[in-house]
Amino acid sequence: MNGGDDVGASSDLPPPLDWRFSQVFGERSAGEEVQEVDIISAIEFDKSGDHLATGDRGGRVVLFERTDSKNTSGGRRDLEGTDYPLRHPEFRYKTEFQSHEPEFDYLKSLEIEEKINKIRWSQTANGALFLLSTNDKTIKFWKVQERKIKKICDINTDSSRSLGNGSVASSSNANSTNSGLTNGGLPDNVNNFLSNDYSFPPGGIPSLQLPVVTTSPETSPVARCRRVYTHAHDYHINSISNNSDGETFISADDLRINLWNLEISNQSFNIVDVKPANMEDLTEVITSAEFHPTHCNTLAYSSSKGSIRLIDLRQSALCDSHSKLFEDTETPTSRSFFTEIIASISDIKFAKEGRYILSRDYMTLKLWDINMDSGPVSTFPVHEYLRPKLCDLYENDSIFDKFECCLSGDGLRVATGSYSNLFRVFGVSPGSTETTTLEASKNPMRRQVTTPARPSRPSLSSITRVVRRGAESPGVHGNGNSFDHTTKLLHLAWHPTENSIACAAANSLYMYYA
């Protein structure tokens, strides 16, 4: 799967990736209590992969920049000094800024959290970085640019021989009322009190250098808010997505999707509105929305009923009718009270070229072909062992957790998180049985268990068949132990050009490469 081209036969399948630990930021020590405001709530690579942004529940945005060289042409000594000669992305802390503050809506008597829900990078310009960040109600457009540091150049007198700080200035001020003559002249006694307070070198100073502000060659990143987009959503914003035209973006809440121009903050256009005339008739809500990566007129949004709608902005100003509807037509073997809850899609992502859509519901990952609306191309069970525990998960509200998903830049693999700080990577090439379970720790393979893939159902076409891979034995955790629903890996992002994943475990940011 790569930009709509069929992947080769199973004999040409890419080998499974060998994942290794790369870096960790904000690692907590054993027994250290995690502050609520420090928990990471959003992760996003920029298009080049040279910058990474994270947002947390305290409303802060932290930026990291890549420091390693992308080429692998190192010296022999460099290669011999490493256990694994392949280069992998290395990042360092760049800067951070307070994006959102807690607010209070006096009309609705409602507190608005500062938590960052989503971060999206915009196009760079003139060496500056631009990004959008949003909490539940307000979207902000930030510009981060390197600014030269300004310093004050010292005066060229010998300060070591001064009687005290500012003594010259104080003497001048004290006698300024009586010492001035016409045409700027000074009486003779001025030289007396100056010489008493400050010693000058023999022969005097040929020129007096006053303190001036000079620009240092050193630079420091400075973040500045360029636009604030507000008062457009009655419900909590769950998604923002940049358009490929570089000029517009969308924001989505439970019932509406709005279209914005980056340069206009006081006006937006409502393009999707699913709010019924009577709220008692409400049956589903919008859960995620994403622009097509290359077609500026196409976007997709998912619903709490497990469906994905593709809409074309050229059809009408208000896109209440969709151009395509994607639903899983497979009938569950046994419907239950939880069937509709776990069918709700928490995140969708377009593949790099826009041919495929990846969706994540509570139990599975699904890959959809936008040219085939009869059902998903592939379905990947993420934590099937939790199915018998749905009642307990409902009692502690874990069943409403919203896990994100991501795709590799080449479209050959997908990844998503689970509980106990685990995340799973699946190969999506036809015939692939690659399934890897990793833990967000310095030893990611510690909990990996090789699970035999369920035999694929035969099909006439390799790309249109529905495949379930990575199935697990019911009631068994990936490491054979009971799972921990309090440690969940909700947010992760795949590097756009390399096999590198960044994921958040509470307040820690872990990075892995293959």
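None of the values given here were measured: they were computed from a predicted structure.

Thoughts on the overall build of the protein chain
(1) Moving on: Tallying secondary structure elements over the protein chain gives 5 helices and 31 strands in all.
(2) Moving on: When the 514 residues of the protein chain are sorted by exposure, 47% land in the buried category.
(3) Moving on: At a minimum sequence separation of 6, the contacts of the protein chain that also span at least 24 residues come to 60%.
(4) Moving on: Here the protein chain displays about 26,000 Å² of accessible surface, and carbon together with sulfur accounts for 48% of that area.

Notes on the sheet that holds strand β25 (residues 413-417)
(1) Moving on: Taken in spatial order, the 4 strands of this open sheet run β24-β25-β26-β27, and their pairing is antiparallel. Each of the sheet's edge strands pairs with one partner strand only, and the pair in question is β24 (405-407) and β27 (435-439). Along the sheet, successive strands turn relative to each other by an average axial angle of 20°, direction set aside.
(2) Moving on: With 3 bridges connecting them, β24 and β25 associate as antiparallel partners. Residue C406 lies in a different strand from β25, and its bridge partner there is A415.

What to know about the packing of aromatic side chains
(1) Moving on: Within this structure, the stated rule accounts for 22 aromatic pairs.
(2) Moving on: When the centroid spacing of 6.0 Å and the interplanar angle of 70° are considered together, the rings of F21 and Y512 count as edge-to-face. One end of the pair, F21, is in strand β1 (residues 20-25); the other, Y512, is in strand β31 (residues 508-513), and 491 residues separate them in sequence.
(3) Moving on: A centroid spacing of 5.9 Å and a plane angle of 55° characterise the contact between F45 and F91, whose relative ring orientation is tilted. Of this pair, F45 sits in strand β2 (residues 40-45) while F91 sits in strand β5 (residues 91-98), and the two are 46 residues apart along the sequence. We note that F45, like F91, is buried.
(4) Moving on: Linked through ring pairs, F21, F423, Y510 and Y512 together constitute an aromatic cluster.

A closer look at the sheet that holds strand β10 (residues 139-153)
(1) Moving on: One open sheet holds the 4 strands; their spatial order is β8-β9-β10-β11, and the pairing between them is antiparallel. A strand with exactly one partner marks an edge of an open sheet, and here the two such strands are β8 (118-121) and β11 (212-229). Strand-to-strand twist of the sheet, defined as the mean angle between neighbouring strand axes without regard to direction, takes the value 30°.
(2) Moving on: Examined bridge by bridge, β8 and strand β9 (residues 129-134) share 4 bridges and lie antiparallel to one another. If you follow R120 over to β9, its bridge partner there is L132.

Side note on the pattern of salt bridges
Once the charged atoms of two side chains with opposite charge are near each other, the side chains can pair.
(1) Moving on: Tallying each qualifying case throughout the model produces 25 salt bridges.
(2) Moving on: Note that E284 and R309 form a salt bridge whose closest N and O atoms lie 3.1 Å from each other. On the criterion of sequence distance, the pair formed by E284 in the loop between β15 (264-273) and β16 (286-291) and R309 in strand β18 (residues 308-312) is long-range, its members being 25 residues apart. Both residues of the pair, E284 and R309, belong to the buried class.
(3) Moving on: Note that K366 and D361 form a salt bridge whose closest N and O atoms lie 3.7 Å from each other.

Some remarks on the environment of L132
(1) Moving on: Its location among the elements puts L132 in strand β9.
(2) Moving on: The exposure class of L132 is buried, given its relative accessible area of 0%.
(3) Moving on: Residue contacts for L132: discarding those within four places in its chain leaves K118, I119, R120, S122, I139, K140, F141, Y229, I240, N242, F249 and L262.

Structural notes on the confidence of the model for the protein chain
(1) Moving on: Put simply, the protein chain has an average pLDDT of 81, and 75% of its residues get 70 or more.
(2) Moving on: Here residues 3-10 is modelled with pLDDT under 50, and outside its nearest four sequence neighbours on either side it reaches 10 contacts, counting other chains as well.
(3) Moving on: Note that pLDDT drops below 50 for residues 448-476; the model gives that stretch 67 contacts with residues more than four away or on any other chain.

A look at the side chain of N243
(1) Moving on: With respect to the helices and strands, N243 occurs in the loop between β12 (239-242) and β13 (248-252).
(2) Moving on: Here N243 falls in the buried class, since its relative accessible area comes to 7%.
(3) Moving on: A distance of 3.1 Å separates the side chain of N243 from the backbone oxygen of C296, its partner in a polar contact.
(4) Moving on: Here N243 is in contact with T248, F249, F291 and C296, once residues within four sequence places are set aside.

A word on the environment of S268
(1) Moving on: On the secondary structure map, S268 appears in strand β15.
(2) Moving on: Using a relative accessible area of 25% as the deciding quantity, one classes S268 as partly exposed.
(3) Moving on: Linking S268 and S251, residues 17 residues apart in sequence, is a C-alpha distance of 9.7 Å.
(4) Moving on: If we ignore the near neighbours within four places in the chain, the residues touching S268 are A232, N258, L259 and W260.

Quick word on the pairing of β12
(1) Moving on: Side-chain alternation along β12 places S239 and S241 on one buried face and I240 and N242 on a second face that is also buried.
(2) Moving on: In the sheet, β12 pairs with β13 via 4 bridges, with the strands oriented antiparallel. Following the sheet pairing, S241 is matched in β13 by I250.
(3) Moving on: In this antiparallel pair of consecutive strands, β12 and β13, the connection spans 5 residues, and G246 shows a positive phi of 75°.

Focus: a nonpolar patch on the surface
(1) Moving on: Where nonpolar side chains cluster on the molecular surface, the patch consists of F337, Y394 and F400 and spans about 320 Å² of accessible area.
(2) Moving on: Assignment of secondary structure puts F337 in the loop between β19 (324-326) and α4 (339-343).
(3) Moving on: The exposure class assigned to F337 is exposed, which follows from its relative accessible area of 54%.

Quick notes on the nonpolar core
(1) Moving on: Counting 16 residues, the largest nonpolar core has W19, F423, V425, L492, I501 and C503 as its most contacted members.
(2) Moving on: For this core, the secondary structure elements donating two or more residues are β26 (422-427), β29 (492-494), β30 (500-505) and β31.
(3) Moving on: Of the residues forming this core, the biggest block, 3 residues, is contributed by β30.
(4) Moving on: Those residues in contact with L492 that lie beyond four places of it in its chain are I43, E404, C405, C406, A415, T416, G417, F423, I501, A502 and C503.
(5) Moving on: Of all hydrophobic cores here, the second largest spans 14 residues; its members include Y356, M372, V377 and V414.

Calculation criteria
Residues numbered from 1 in each chain as written. Predicted model: local features only at pLDDT ≥ 70, side-chain atom pairs only at ≥ 80, totals over all residues. Heavy atoms only, no water. Helix = DSSP H or I, 4+ residues; strand = E, 2+ residues; numbered from the N terminus. Buried < 20%, exposed > 50% of the residue type's maximum accessible area, 1.4 Å probe, protein only. Contact = heavy atoms within 4.5 Å. Areas by Shrake-Rupley, 256 points an atom, 1.4 Å probe, with all protein chains shown as cover. Pairing = 2+ DSSP bridges. Axes fitted to C-alpha atoms, helices over the stretch in contact; angles between N-to-C directions. Phe/Tyr/Trp six-rings, centres within 6.5 Å; stacked < 30°, edge-to-face > 60°. Salt bridge = Lys/Arg side-chain N within 4 Å of Asp/Glu carboxyl O. pLDDT = per-residue confidence, 0-100. Polar contact = N/O pair within 3.5 Å; in protein donor to acceptor, adjacent residues only side chain to side chain. Patch = residues over 30% accessible without salt bridge, like charges linked within 9 Å, V, L, I, M, F, W, Y side chains within 5 Å. Core = buried A, V, L, I, M, F, W, Y, C linked by side-chain atoms within 4.5 Å.

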